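A structural walkthrough
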Amino acid sequence: MQVSEILQTLPHSLEWMVLFNISAIEPLTDHNTIKAMYHLPEDVDLKPYSHVVLTSEGRFLADSDNAKLFDPVSGKRWSKENIKDNLYTRFSPQLNLFSVDEADCLGLGEQNPYSPVLLHVKIAEGYGQAQAIFDHQPNFDHYPLLKAVGVKFLSGEIKNSYYLAKFQNRLPIHIHAGILSHFSRTAHCNLFFLQHGNIDPPLEEGLWKASEVRSNWGKNYNLTILANLVNQLEEKPLAMVCQPPPPQPLFGYGDLVPLGFVLRALNLATDENTINSKDKLEKFLLSKQEGKLWAFHSQRLVTATDSALVLQGFNLPESVEALEVFADGKGGYYPQLWSEEKQEGKMVYDDSCAHWCQGDYATTCMVRSLRKRAGLESKTPLDYLLSGFEHRSGLYFANPYLVDWYLAQAITDEEEGDILRQKLITEILASINEDYSFGLYDVAFSTALAILTLTELGVRSRTIRVMQLRLLELMEAKTTLTIPFYSSLKIDSEITSQKKFFTLLMGQSFTKNPSGINQKQIRKIGEEYHGISLYLDTYRLITHSTMALALAEKCDLEDGYLDLSHYQDYIHPRYQCQSHCEYIAKFALPPYLLEGQS
């Protein structure tokens with residue numbers, strides 16, 4: 001049946017009606033789910049029907065061959081000939097504004113004290129493009145929560161005597177949200193439009209519950225992936241991939257540090273299988289200890305940075321205390337030890353890595369946080385962190401939000417750190433994108449880190465939930481591999497003066513890496529050239545871990561939405577870099593290359 005025929009077959013007296021083109025829904029899900037969505041009997045065969053028609057008087061199926069509606073529960077049939085006054089006539093002023101028969105979903109109705117409303121949706125490639133006729137602009141309070149059910153408000157405009165609102169519905173998300181709630185709130189969709197797009201307290205409560213369920217699902221989804229990857233450890237190492245400056249080849253490196261993130265995430269586990277994977281991972285990492293600490297990669301140099309990253313998933317005060325061997329005596333911590341000649345447990349010093357031989361702000365934040373968590377006295381005064389705040393970075397952290405997260409952990413729950421906390425909150429909120437994501441590269445990873453940082457600092461407003469909903473959207477999108485870490489080596493001036501080096505430098509833009517990630521990895525910083533190596537999260541261990549942790553964070557329903565306009569006077573340029581190497585060259589490395597520090 002055509003949509004217009006269905007409307008002519010429905011009585012004028014109905015309070016509301018919404019119909020769905022079955023052939024437009026079929027590519028998105030199976031018939032059993034469609035029947036559950038619309039609360040149809042399980043034994044009904046949908047093949048003979050063109051549309052599901054939901055009304056204030058019951059549910060109907062539109063016969064594909066005969067112009068009749070069939071009630072699958074009572075067996076009652078309606079035909080156009082039996083209807084004196086129909087819905088098409090009653091709502092003709094609204095229906096005449098659209099091509100009715102082109103709609104894959106059409107809703108109309110009138111509920112006191114509201115005026116008539118109409119919804120027209122076309123479905124293509126998993127999206128429903130919706131237009132609604134309201135009597136005026138709706139109240140946009142709580143609209144960010146529409147993300148929980150895959151809905152996004154696009155635009156609205158006043159047209160003659162009505163307000164035309166445009167929405168987009170990501171139908172796989174919409175259906176999945178329904179599955180998670182067992183389709184217990186399907187009536188809320190109708191109420192939203194019958195109330196002309198205004199979200200009243202019951203609808204708000206439903207959206208909030210939907211957002212909680214979606215966030216919890218996202219957390220468990222990531223934990224399941226991590227548990228499955230842990231179960232592969234006996235078969236193969238789950239190493240990162242190092243991408244050195246071209247033309248050097250990629251190579252696997254970094255099989256231990258990512259597992260520290262995984263262990264921290266798996267500590268959230270509540271089901272038996274995931275807990276078993278966590279226990280297996282703990283044993284594996286403990287077997288890789290050298291003394292009480294760890295290296296970045298099995299059987300390589302033990303460092304403070306790598307040990308701290310692994311320890312974030314453990315409660316091992318003795319190992320945390322062992323990090324004191326890296327203390328610089330000024331409140332900071334060296335990332336690793338070094339010597340002029342080869343010695344066990346020390347890096348061999350040369351001019352290319354001289355800048356590694358100094359206190360590292362990010363490592364210091366991690367150690368301070370670990371000592372506090374282990375109940376050990378802090379050896380790093382808050383003034384140390386405050387004095388380095390403006391130029392905070394890490395010698396090996398390729399994302400500014402990763403530094404921020406460990407800084408937040410270092411200063412949480414300390415009265416004296418309130419000024420520092422507020423400064424950090426302000427800078428992060430100032431960097432938020434219009435869609436509630438963060439960063440211009442590795443956006444999903446950056447968003448997860450920003451959520452973790454803000455919640456660590458005590459921000460748990462409704463806005464955090466909207467950030468989590470955006471993170472869920474990013475999680476479901478296909479993205480390139482995350483790059484959490486980098487390392488850099490100074491290039492000898494004798495090499496940089498050669499013509500061959502100049503050719504290599506100029507050709508960076510045209511060099512294609514097998515990873516598909518192409519950045520200018522040879523950079524001039526001050527008067528020096530540095531070659532930057534990037535470390536790719538090949539198995540997405542760090543990405544899935546931070547997502548699970550971020551989606552697990554609780555929000556306070558009673559704490560309203562943040563007024564983000566208060567924070568957007570100044571966005572620090574560290575958050576506006578377009579690539580890892582831009583951030584590294586402009587902000588991460590310079591504090592460690594200043595004259596007199598290296």
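Right above here is the structure, for reference.
Scope of this entry: the structure provided in the associated data block. The numbers attached to residues start from 1 for each chain and follow its sequence in the written order. Totals for whole chains, interfaces and linings use all residues, but because this is a predicted model, local features are given only for residues with pLDDT of at least 70 and pairs of side-chain atoms are given and counted only at 80 or more. Heavy atoms throughout the structure, all of them, feed into the side-chain values; hydrogens and water do not.

Looking at unusual backbone geometry
With an omega of 5°, the peptide bond running from asparagine 112 to proline 113 counts as cis. Structurally, the position occupied by proline 113 is in the loop between strand S6 (105-109) and strand S7 (117-124). You will see that glutamine 299, though not glycine, has its phi angle at about 65°, which is positive. With respect to the helices and strands, the residue glutamine 299 is situated in the loop between helix H10 (272-287) and helix H11 (304-311). Per the convention used, a helix needs a DSSP run of H or I reaching at least four residues, while a strand needs a run of E reaching at least two, with both numbered from the N terminus.

Some words on the sheet that holds strand S5 (residues 77-79)
At least two bridges found by DSSP between two strands are what make those strands a pair. If you trace the ten strands from one edge of the open sheet to the other, you get S5-S4-S3-S2-S1-S6-S7-S8-S10-S9, paired in antiparallel fashion. Here the strands that pair on one side only, and so sit at the sheet edges, are S5 and strand S9 (151-159). Across the sheet, the axes of successive neighbouring strands diverge by a mean angle of 20°, strand direction being ignored. Bridge analysis of S6 against S7 gives five bridges, and the strand direction is antiparallel. Bridged to cysteine 105 within S7 is valine 121. To define axes, lines are fitted to C-alpha atoms, for helices over the stretch in contact only, and angles between the resulting N-to-C directions are given on a 0 to 180 degree scale.

Overview of the pairing of strand S17 (residues 528-536)
For the exposure calls, accessible area comes from a 1.4 Å probe over protein chains only, and a residue counts as buried if that area is under 20% of its type's maximum, exposed if over 50%, partly exposed in between. The element S17 is largely enclosed, with a buried count of seven among its nine residues. As judged from the three bridges shared by strand S11 (residues 241-243) and S17, these two strands associate in the antiparallel manner. Paired with cysteine 242 across the two strands is tyrosine 535, which belongs to S17. Direction of pairing for strand S15 (residues 485-490) relative to S17: antiparallel, over a ladder of six bridges. Counted as the bridge partner of serine 488 is isoleucine 532 from S17. Judged from the four bridges that link them, strand S16 (residues 522-525) and S17 form a sheet pairing that is antiparallel. Considered in S17, the bridge of isoleucine 522 is made with glycine 531. Between S16 and S17, which pair antiparallel and follow one another directly, the connecting turn spans two residues, one of which, glycine 526, has a positive phi of 65°.

Thoughts on the pairing of S9
Direction of pairing for S9 relative to strand S10 (residues 162-170): antiparallel, over a ladder of eight bridges. In the strand pairing of S10, glutamate 157 is matched with leucine 164. Between S9 and S10, which pair antiparallel one after the other, the connecting turn spans two residues, and asparagine 160 there sits at a positive phi close to 50°.

Thoughts on helix H18 (residues 462-476)
Every helix has an expected span of 1.5 Å times one less than the residues it contains. In this model H18 runs 22 Å from its N-terminal to its C-terminal C-alpha over 15 residues, within 8% of the 21 Å that 1.5 Å per residue would give. Of all the 15 residues making up H18, 14 are buried; the element is thus mostly covered by neighbouring parts of the structure.

Remarks on the packing of helix H7 (residues 187-194) against helix H8 (residues 201-230)
At a minimum axis separation of 11 Å, H7 and H8 run at an interaxial angle of 135°. Relative to H8, the element H7 is oriented oblique. By crossing handedness, the relation of H7 to H8 is classed as left-handed. When H7 is examined against H8, the residues His188, Leu191 and Phe192 are found in contact with a partner set consisting of Pro202, Leu203 and Gly206. Put simply, Ala, Val, Leu, Ile, Met, Phe, Trp, Tyr, Cys and Pro go in the nonpolar bin, Asp, Glu, Lys and Arg in the charged bin, and everything else, Gly too, in the polar bin. For the contact of H7 with H8, the residue count by class is four nonpolar, two polar and no charged. Angle categories: roughly parallel below 35 degrees, roughly antiparallel above 145, roughly perpendicular from 65 to 115, and oblique for all the rest. A crossing counts as left-handed when the near helix is turned anticlockwise from the far one by less than a right angle, and as right-handed when that turn is clockwise. In what follows, residue pairs with any heavy atoms lying within 4.5 Å of each other are defined as contacts.

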